[in-house]
Amino acid sequence: PRYRGGSRPQSRSFGLMAAAISTNEQLASLQRDFAPHLELQPPRERVACSLRPRANPTNYSDRKAFDPTGVLSADEATGMAELEALEARGLELCSALYTYRSIARALPTAGGDDENKRAMYLTSFEVLHPHVQRVKELMYYKDDAVAKFCASLALCTGPGSDGLLLALSRVFDVVAVLDSIKDTKACLSNDLSVYKRAFAHCRADVTNADAIFNSNNALQLFLAEKGPLLSALKAAVHRLPGAEESICAMAHLCAEALEGGWCLLPAERHRMLRACACLVWLLDCPAGGGPNAFLSRKLRRDRLGRLFKVSPVVPLYGDMHANLPLILRRCPNFSPAAAAELLPHSRRELESLTGSYDVVAAAGSLRSLVVDYTMSLPALLRRADALGGRRLG
């Protein structure tokens, strides 16, 4: 009912005000009683906190409780945890390798008498040793990556392996990026040559000389080979039974992620595109040595081709880029006719795609924009003066 008078609403407002006052008094009383116990103390030591997002913050610590017949088995969870650790280690190596600069060029040439030369060689060895050890970590990473990748790929047999396939694709992309960065670093071989020369002159003064000598020879062969990580991975993968089905499933899952808009950031989308192209190369084997990626009925080439024709060039790492058609041309069974579904073949398609990423192709339009802006700028300044504006500088 509606009240025409003011007595009922006024008493209601006084009641609400009294309730608020009593509530405030109760809160103040609680604060006085419990304030000494609730006082926050600063931590005695610094607490390290990382804001970097992680796909698996618990590292599947409860994987032993997973049902083996369910969506995710304990073996798959273990494989995903190991692959995530492998991916993090590979990303650290990518950063260290990309920022690596030659150390040997800054070292002086050994001169003087034999004692002085020996002292200079020993100093050069001590300076280069930690940097060469970082490069050797890449060689050791190859063996771990191949072993864990193949062990996890052998588990991708059930319908619930999508998470494991995505983890495999991330590790595979890290391996491809490491190979690309390593092949562009000529300073690695130069530093190793100076390191070996210095080691030969001071070997008697170095502990574990035999182990260092053997690892130096292995590193020299590793650096001389082009794409050693991917080559070793491809040779090991095709020794597994059912490798073709697993590689195709991985490529199709990456394509589904790109088509469905699963990628939140551009870097994730570029990683999926690189993985798709490299997986085609991983699937393709020479005649008689394995499947032909351009004839396999298990690979949806038309689906991948639509993605490659839209984004043929994507960022790789830092200022480096990945040319997806060039990756496909490295396949043993590549031919323009066989790759018609994957690559643009008409001149119009090539020109339109080149204009989408090549700055040189857009130089003409950029120059015209600069000319138009330069010509319109004086008129805009005069108009600003007429309206009472003031120039700065």
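You'll find the structure just up there.
Residues numbered from 1 in each chain as written. Predicted model: local features only at pLDDT ≥ 70, side-chain atom pairs only at ≥ 80, totals over all residues. Heavy atoms only, no water.

Asker: Please explain the side chain of Asp179 as it appears in this structure.
Answerer: With respect to the secondary-structure elements, Asp179 resides in helix α4 (residues 162-183). Buried Asp179, no salt bridge; nearest opposite-charge side chain is Lys182, N-O distance 5.8 Å. Polar contacts involving the side chain of Asp179 include one to the main-chain amide nitrogen of Leu229, which spans 3.2 Å. When residues no more than four places from it in sequence are discounted, the contact partners of Asp179 are Gly227, Pro228, Leu229 and Leu230. (Helix = DSSP H or I, 4+ residues; strand = E, 2+ residues; numbered from the N terminus. Buried < 20%, exposed > 50% of the residue type's maximum accessible area, 1.4 Å probe, protein only. Lys, Arg positive; Asp, Glu negative; His and termini not counted. Salt bridge = Lys/Arg side-chain N within 4 Å of Asp/Glu carboxyl O. Polar contact = N/O pair within 3.5 Å; in protein donor to acceptor, adjacent residues only side chain to side chain. Contact = heavy atoms within 4.5 Å.)

Asker: Is there a simple way to explain unusual backbone geometry in this structure?
Answerer: Glycine aside, negative phi is the norm for most residues, and most peptide bonds take the trans geometry. For Asn208, which is not glycine, the phi dihedral falls at a positive 55°. When you line up the elements, Asn208 lands in the loop between α5 (187-201) and α6 (209-224). Classification of Asn208 by relative accessible area gives exposed; the value is 60%.

Asker: Hey, could you run me through a nonpolar patch on the surface in this one?
Answerer: A cluster of nonpolar side chains, contributed by Val359, Leu366 and Leu369, occupies part of the molecular surface with about 300 Å² of accessible area. Its place among the elements puts Leu366 in helix α13 (residues 363-386). (Patch = residues over 30% accessible without salt bridge, like charges linked within 9 Å, V, L, I, M, F, W, Y side chains within 5 Å. Areas by Shrake-Rupley, 256 points an atom, 1.4 Å probe, with all protein chains shown as cover.)

Asker: I keep staring at the nonpolar core and nothing clicks. Help me out?
Answerer: A general feature of soluble globular proteins is that nonpolar side chains tend to end up buried together. Of all hydrophobic cores here, the largest spans 91 residues; its most connected members are Tyr141, Phe149, Leu168, Leu178 and Leu304. Looking at which element gives the most residues to this core, the answer is helix α3 (residues 114-153), with 13 residues. Non-local contacts of Phe149, meaning those with residues more than four positions away in its chain, are made with Leu168, Val171, Phe172, Leu233, Val237 and Met250. (Core = buried A, V, L, I, M, F, W, Y, C linked by side-chain atoms within 4.5 Å.)

Asker: I keep staring at the packing of aromatic side chains and nothing clicks. Help me out?
Answerer: The geometry of an aromatic ring pair comes down to the distance between the two centres and the angle between the two planes. The tally for this structure, following the rule as stated, stands at five aromatic pairs. With 6.2 Å between their ring centres and 40° between their planes, Phe149 and Phe172 make a pair best called tilted. Linking Phe149 in helix α3 with Phe172 in helix α4, this pair joins segments that are 23 residues apart in sequence. By the burial criterion, Phe149 is buried, and Phe172 matches it. Cluster of aromatic residues (ring-pair linked, three or more members): Phe125, Tyr195 and Phe199. If you follow Arg203 out to its NZ or CZ, it ends over the ring of Phe213, 4.8 Å from the centre. The residue whose ring lies beneath Lys234 is Trp281, and the NZ or CZ to ring-centre distance is 4.3 Å. (Phe/Tyr/Trp six-rings, centres within 6.5 Å; stacked < 30°, edge-to-face > 60°. Lys NZ or Arg CZ within 6 Å of the ring centre and 35° of its normal.)

Asker: Explain the packing of α4 against helix α8 (residues 243-259) here, please?
Answerer: Helix packing geometry: the angle between the two helix axes and the distance between the axes. Packing of α4 against α8 leaves a shortest axis separation of 10 Å and a crossing angle of 90°. By the angle class used here, α4 and α8 are roughly perpendicular. Residues Asp162, Leu165, Leu166, Leu168 and Ser169 of α4 pack against Ser246, Ala249, Met250, Leu253 and Cys254 of α8. Across the contact of α4 with α8, the residue classes break down as seven nonpolar, two polar and one charged. (Axes fitted to C-alpha atoms, helices over the stretch in contact; angles between N-to-C directions. Parallel < 35°, antiparallel > 145°, perpendicular 65-115°, else oblique. Nonpolar A, V, L, I, M, F, W, Y, C, P; charged D, E, K, R; others polar.)

Asker: When you look at the packing of helix α2 (residues 74-98) against α4 in this model, what are you seeing that I'm missing?
Answerer: Contact geometry for α2 and α4: axes closest at 9 Å, N-to-C directions at 20°. The orientation of α2 relative to α4 falls into the category roughly parallel. Crossing of α2 against α4: the hand is left-handed. Across the contact of α2 with α4, the residue classes break down as 16 nonpolar, three polar and five charged. (Left-handed = near helix turned anticlockwise from the far one by under 90°.)

Asker: Honestly, the side chain of His270 in this entry has me stumped. Any pointers?
Answerer: Structurally, the position occupied by His270 is in helix α9 (residues 266-283). Overall, His270 belongs to the buried group, its relative accessible area being 17%. Excluding residues that lie within four positions of it along the chain, His270 makes contacts with Val314 and Pro315.

Asker: Help me out: how do you make sense of α6 in this one?
Answerer: At 3.6 residues per turn, the α-helix brings residues three or four places apart onto the same side. A rise of 1.5 Å per residue sets the reference length of α6, with its 16 residues, at 22 Å; its end C-alpha atoms lie 23 Å apart and thus fit the reference within 8%. Regarding α6, the residues found buried are Ala209, Ile212, Ser215, Asn216, Leu219, Phe222 and Leu223. Taken down its axis, α6 places every buried residue within 135° of arc, on the same side. In this structure, α6 carries Asp210, Leu221 and Ala224 as exposed residues pointing more than 90 degrees from its buried face. Contact partners of the buried residues in α6: α3, α4, α5 and α7 (228-237). (Expected span 1.5 Å × (residues − 1). Arc of directions from axis to C-beta.)

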